[in-house]
Amino acid sequence: MDDSAVPLELTSFVGRDDELRAIDAALASARLVTLVGPGGCGKTRLAIRGARAAAGFEGVHWADLSAIDDPAAVVESVAAALGVLRTADRDAVGVVAGQVADRRLLLCLDNCEHVLAAAADVVGELLRRCPRLTVLCTSREALRVPGELAWQVPPMHRADAVRLFAERARGLGTAATDPIIATACARMEGMPLAVELAAAWSGTLSPREILDGLDDRFRLLIRGPHGVAARHQTLAASMAWSHGLLDESDRGLFERLGVFRGGFTAAAAQALCADEEPVAVLEGLRRLVEKSLLTADTGGAVTRFRMLETVREYAERRLTAAGTIASVRDRHLEACLALTGTLRPLIDADKDAWRAGVAAEYENLHAAVTWGLSREDPSAGRRLAAELPWFWHSDRRGREGLELLRRAVELGADEPTPLQARLLTGLALVADTHGPIAGDVAARAFAAAEAVDEPRAACLALTLAAIDRLHDDLEAARDMAADARARAGRLGDGFVHDSATVLMGIVCHLRDDHRQAAVLLEDGLRGLVPRGDREVASTACCLLALSVAHGGDLPRAAGLAREALALAEPLADYHRVGTARVALTRVALWAGRIEEAWAAVDPMLRIVEGVDPPPFIPGLFGCVGDLHRSVGDAEQAVRWYERDLANPGGFPEHLLAPQSRLGLARALREPAAPAAAEHAALAMRAGRELGMPGLVADAFEVAGLLADDPKRAEDAHHEALALRAEHGLRLGCVSSLEHLAALAEDAGAAVEAARLLGACDRARAAFGLPARRGEASPENAAREAGRSMTLEEAVAYARRARGTRARPASGWASLTPTEVSVVELAITGMTNPEIAGRLFMSRATVKTHLSHAYAKLGIANRTQLGRVKPG
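Keep in mind the model is a prediction, meaning the values are calculated, not measured.

Some details on the overall build of the protein
The secondary structure content of the protein amounts to 45 helices and 8 strands. Over its C-alpha atoms, taken along the principal directions, the protein stretches across nearly 120 × 60 × 45 Å. Taking all contacts inside the protein whose residues are at least 6 apart in sequence as the whole, residues at least 24 apart take part in 68%. Element-wise, carbon and sulfur atoms account for 53% of the exposed surface of the protein, whose accessible area totals about 36,100 Å².

Brief notes about the sheet that holds strand β7 (residues 295-297)
Overall, antiparallel pairing links the 3 strands, which are arranged β6-β8-β7 in an open sheet. At either margin of the open sheet sits one strand with a lone partner, and together these are β6 (264-265) and β7.

Some thoughts on the nonpolar core
Core analysis: the largest hydrophobic core is formed by 140 residues, its most contacted members being L384, W392, L423, L620 and L737. Top element by residues in this core is helix α28 (residues 534-550). It accounts for 11 residues. Not counting residues within four places of it along the chain, the set of residues in contact with L423 comprises R382, A385, A386, L405, A408 and V409. Core analysis: the next-biggest nonpolar cluster, separate from the first, contains 72 residues, L35, A199, L205 and L293 among them.

Thoughts on unusual backbone geometry
In the Ramachandran plot, R16 falls in the positive-phi region, its phi being about 65° despite a non-glycine side chain. In this model, D512 sits at a positive phi of 65°, which is unusual for a non-glycine residue. Along the chain, D512 turns up in the loop between α26 (494-510) and α27 (514-531).

Quick look at the pairing of strand β4 (residues 134-139)
Of all the 6 residues making up β4, 6 are buried; the element is thus mostly covered by neighbouring parts of the structure. Residues of β4 alternate between two faces, with T134, L136 and T138 on one and V135, C137 and S139 on the opposite face, all of them buried. Note that strand β1 (residues 32-36) and β4 share 5 bridges and pair parallel. Opposite T34, over in β4, you have C137 as the bridge partner. In this sheet, β4 lies alongside strand β3 (residues 105-110) in parallel orientation, the contact comprising 4 bridges. Residue pairing for β4: C108 is matched across the bridge by L136. A crossover connection joins β3 to the parallel β4 through helix α5 (residues 116-129); in handedness this β-α-β unit is right-handed.

Some details on the packing of aromatic side chains
Counting across every chain of the model gives 6 aromatic pairs. Between F264 and F305 the ring centres are 5.8 Å apart and the planes differ by 20°, which places this aromatic pair in the stacked class. Taken together, the positions of F264 in strand β6 and F305 in strand β8 (residues 304-306) put the pair 41 residues apart, joining distant regions of the chain. For F305, a relative accessible area of 9% corresponds to the buried category. A cation over a ring is seen here: K351 above F495, with NZ or CZ 4.7 Å from the ring centre. Geometry around W640 places R643 over its ring, the cationic atom sitting 4.9 Å from the centre.

Side note on the confidence of the model for the protein
Predicted confidence across the protein gives a mean pLDDT of 85, with 92% of residues reaching 70 or more. Contacts from residues 220-231, a stretch scored under 50 in pLDDT, to residues over four places away or in other chains number 13 contacts.

Regarding the pattern of salt bridges
Summed over the entire model, instances satisfying the criterion amount to 60 salt bridges. With its nearest N and O atoms 2.9 Å apart, the salt bridge here joins E316 to R329. Placement of the pair is E316 in helix α14 (residues 309-322) and R329 in helix α15 (residues 325-343), with a sequence separation of 13 residues. Residue classification places R329 among the partly exposed positions, given a relative accessible area of 25%. A salt bridge links D352 to R534; the nearest nitrogen and oxygen atoms lie 2.9 Å apart. Of this pair, D352 sits in helix α17 (residues 351-360) while R534 sits in helix α28, and the two are 182 residues apart along the sequence. For D352, a relative accessible area of 30% puts it in the partly exposed group. Each of the salt bridges in this network shares a partner with another, and the network as a whole consists of K351, D498, R531 and D533.

Description of the pairing of β3
Within β3, 6 of the 6 residues are buried, leaving the element largely enclosed by the surrounding structure. Because side chains alternate across β3, one face comprises the buried residues L105, L107 and L109, and the other comprises L106, C108 and D110, equally buried.

Quick notes on helix α35 (residues 674-690)
With 17 residues, α35 should cover 24 Å at 1.5 Å per step; its first-to-last C-alpha distance of 25 Å lies within 8% of that length. Burial in α35 covers these residues: A676, H679, A680, A683, M684, A686, G687, R688 and L690. Where α35 ends, the next residue or the one after it, G691, has phi of about 70°, a positive value.

Here's the deal with the packing of helix α43 (residues 832-839) against helix α44 (residues 843-857)
For the pair α43 and α44, the least separation of the axes is 8 Å and the interaxial angle reads 105°. The angle between α43 and α44 places the two elements in the roughly perpendicular class. Residues N832, P833, I835 and A836 of α43 lie in contact with α44, whose contacting residues are R843, V846, K847 and L850. Partitioning the contact of α43 with α44 into residue classes produces 5 nonpolar, 1 polar and 2 charged.

Describing the sheet that holds β1
One open sheet holds the 5 strands; their spatial order is β2-β3-β4-β1-β5, and the pairing between them is parallel. Of all the strands in the sheet, the pair left with one neighbour each is β2 (59-64) and β5 (148-152). Direction aside, the axes of adjacent strands within the sheet are offset by 15° on average. Contacts from helix α3 (residues 74-82) reach β2 and β3, with the element oriented near 145° to β2. Contacting β1, β3 and β4, α5 crosses the sheet at an angle of about 170° to β4.

As for the packing of helix α21 (residues 398-411) against helix α22 (residues 418-434)
At a minimum axis separation of 9 Å, α21 and α22 run at an interaxial angle of 155°. Comparing their axes, α22 and α21 come out roughly antiparallel. Relative to α22, the crossing made by α21 is left-handed. On α22, the residues touching G398, R399, L402, L405, R406, A408 and V409 of α21 are Q420, L423, L424, G426, L427, V430, A431 and H434. By residue class, the composition of the contact of α21 with α22 is 9 nonpolar, 4 polar and 2 charged.

Considerations on the environment of L246
Structurally, L246 can be placed in the loop between α10 (230-245) and α11 (248-256). On a C-alpha basis, the gap between L246 and R287 in space is 9.3 Å, while along the polypeptide they are 41 residues apart. When near neighbours in sequence (up to four residues on either side) are disregarded, L246 contacts W201, R251, F254, L288, K291 and L293.

Remarks on the environment of A580
Along the polypeptide, A580 turns up in helix α30 (residues 574-590). Between the alpha carbons of A580 and L543 there is a distance of 9.1 Å; along the sequence they are 37 residues apart.

Quick look at the side chain of S394
For S394, the position within the fold is in helix α20 (residues 389-394). Classification of S394 as buried rests on a relative accessible area of 5%. In this structure the side chain of S394 is engaged in a polar contact, spanning 3.1 Å, whose partner is the side chain of E535. Each residue touching S394, except ones within four places of it in the same chain, is listed here: R86, R355, E535 and L571.

Procedures and definitions
Residues numbered from 1 in each chain as written. Predicted model: local features only at pLDDT ≥ 70, side-chain atom pairs only at ≥ 80, totals over all residues. Heavy atoms only, no water. Helix = DSSP H or I, 4+ residues; strand = E, 2+ residues; numbered from the N terminus. Contact = heavy atoms within 4.5 Å. Areas by Shrake-Rupley, 256 points an atom, 1.4 Å probe, with all protein chains shown as cover. Pairing = 2+ DSSP bridges. Core = buried A, V, L, I, M, F, W, Y, C linked by side-chain atoms within 4.5 Å. Buried < 20%, exposed > 50% of the residue type's maximum accessible area, 1.4 Å probe, protein only. Right-handed = clockwise from strand over helix to strand, strands pointing away. Phe/Tyr/Trp six-rings, centres within 6.5 Å; stacked < 30°, edge-to-face > 60°. Lys NZ or Arg CZ within 6 Å of the ring centre and 35° of its normal. pLDDT = per-residue confidence, 0-100. Salt bridge = Lys/Arg side-chain N within 4 Å of Asp/Glu carboxyl O. Expected span 1.5 Å × (residues − 1). Axes fitted to C-alpha atoms, helices over the stretch in contact; angles between N-to-C directions. Parallel < 35°, antiparallel > 145°, perpendicular 65-115°, else oblique. Nonpolar A, V, L, I, M, F, W, Y, C, P; charged D, E, K, R; others polar. Left-handed = near helix turned anticlockwise from the far one by under 90°. Polar contact = N/O pair within 3.5 Å; in protein donor to acceptor, adjacent residues only side chain to side chain.

In structure tokens, the structure reads:
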């Protein structure tokens, strides 16, 4: 069993044998066990021990909820603990559950009490969806989830309490047998934290002084508030007594440290206490560790100090009672600002290191931003919020970031300042991965940055605005990206320069200009990868893999797809990891490695199955549909294609999932369904509107497959071949040639068919495509001769062979499909340049097609075209 996620114990564990046996039995009989009791009763230590001792689990996962302020963040913490991909979608619990549903795991949630309702909701849903999951919680009250076994943590046995005192008493060898110590432990009612706090003073006070001090505090509690449980009173008395024994400087340090969340370093404590000598702060930390008011974790590169949540709450209450909490929180905010300033240079040099630095202090940074934005003057909080968008952009807590940035922007709505421009740009950046508002906010951010002469913010905002135009205007997206790239070059902003370069490459990729796409994507990657800009780099690497595949190099494409996945996985972002896995699946499918393709996509299927609506992962549903269709399961293929059409992911409906429409048309061919032709026509329209010749070629291919007339089928496949050859879509060329070979064989042109198949044999071997299955054509001299042809030679041969078969010499029926398309657009009044842009050809080619059409139709100019068109 893997229990490496369970926290290490920094001090020895004493006694509690009966309790551990009871917890073990509870975990064996119930799927939800909650250890319930007041702060300081030992719930966390028992849970750690119980989790390590639990048998029969594949792994144990631990999430400490003590530093969480936002109940919505509970599911994100659970996802991080389980090591699964996170999502900010509505059914985030379902997405997490789908990834662990069939695993026998123990999930431990520590300190549930302050997010009790959210923890109960998450735990209840996980238990419902994951039948092999067991959950162990600690809380000051039960979760009240059906089936919960709420186990009340009892006081320590008196003998165990005395042993614990002796363990912590540091050199007081007689403690275990001293009757005064036994009496003191009895006074503390078996509360482990109270015992440890008392024992920490054993080197300074005698056993009698410890007992007398405790008695004084307990007598005060007789006049305490009615209805407070005795064990709560015991802990309060122990805390107050231990706090009162500290000297003034240590007492002040202890109280200030209560503002930290999630722990702190010595440097952070010194920054908080800037009015003290650094050495004095270090000595104070050491004394507080000795008094068990702090723990010191020395396992990392830097020692990290922590307070138990019960102790931290006490320290914070003391600050509040003294009326100094606001000033200390202000200093905490200043210290956090200083920290982010120290880390800032890493953003451009090593973003992985910057992320790690921010992640280590995130709870403190979040608390400081929240406090700062609540102040009458929120400027410091707004400045700190402006330092964190890059973290929120790729982190599971991005939704928290969106809310804080929205608040920061609203607080400066009437201030046209550089800070407001940076906050708007940061909001657009985080919305790019965590919300639907990026485009609008990016445009506002760009205008704001331009107005106050904030060039770096303007550069990034322009790039984000360009991303939004990919959905509806590739030309505008390219122009905006080129503008951002030029600006970034002048400013020396490496990230924006490289990201804009990638964006230009994406436009080329979508337009099937894969050679230029590869040049631009590789150029961007050269800058992004060394800096650790994983988000954009992983996307660029995915698209580069697909462009390389279209160009006929599947082995290299597979390597690039694996590289994209390696870049994305540390982000634990389902969208980017999913995009990389879809690319890896697609390349494996093209290469005929079906089992490998299923293995690549399976983790993403676990995320989307059973979740409604499912999270949007670009290309996933269409890719899974293609996988089902590749193994002959048309029914399942149709199901996945239809799911793609029902899951728009923000795209305009009329342009939705055109490749899945083509997949549907292919799957519905047998038996022929009227909807197949409709789907193919819609995909053709989308390809023309978006300026995507590869999509148009695919639509022509499907039209050829659906055609009931061999001549129409041949024309359609030749149109597809022409587009694919012109745009370097070499895998598609092989498909077109094989379809034309089948038509030639059906028409009795066996030699032509064999030569085309021979050329395709050679291309398949060169590109990494699998050999054709169910080959019917025999080996012969013509096929061997075909293997001597390059792909380009085979394309030329297919075009020449087409000319040898009869077509009417004149009239509308004599026009090729391309000539028909040119003529129909000319009839609408489009100019030659406009027709060239619509049909992905040069102006000269348009002119040539029109000349051929005029000759075949017996007319002299385009004004006569409308009169000769049938119907």
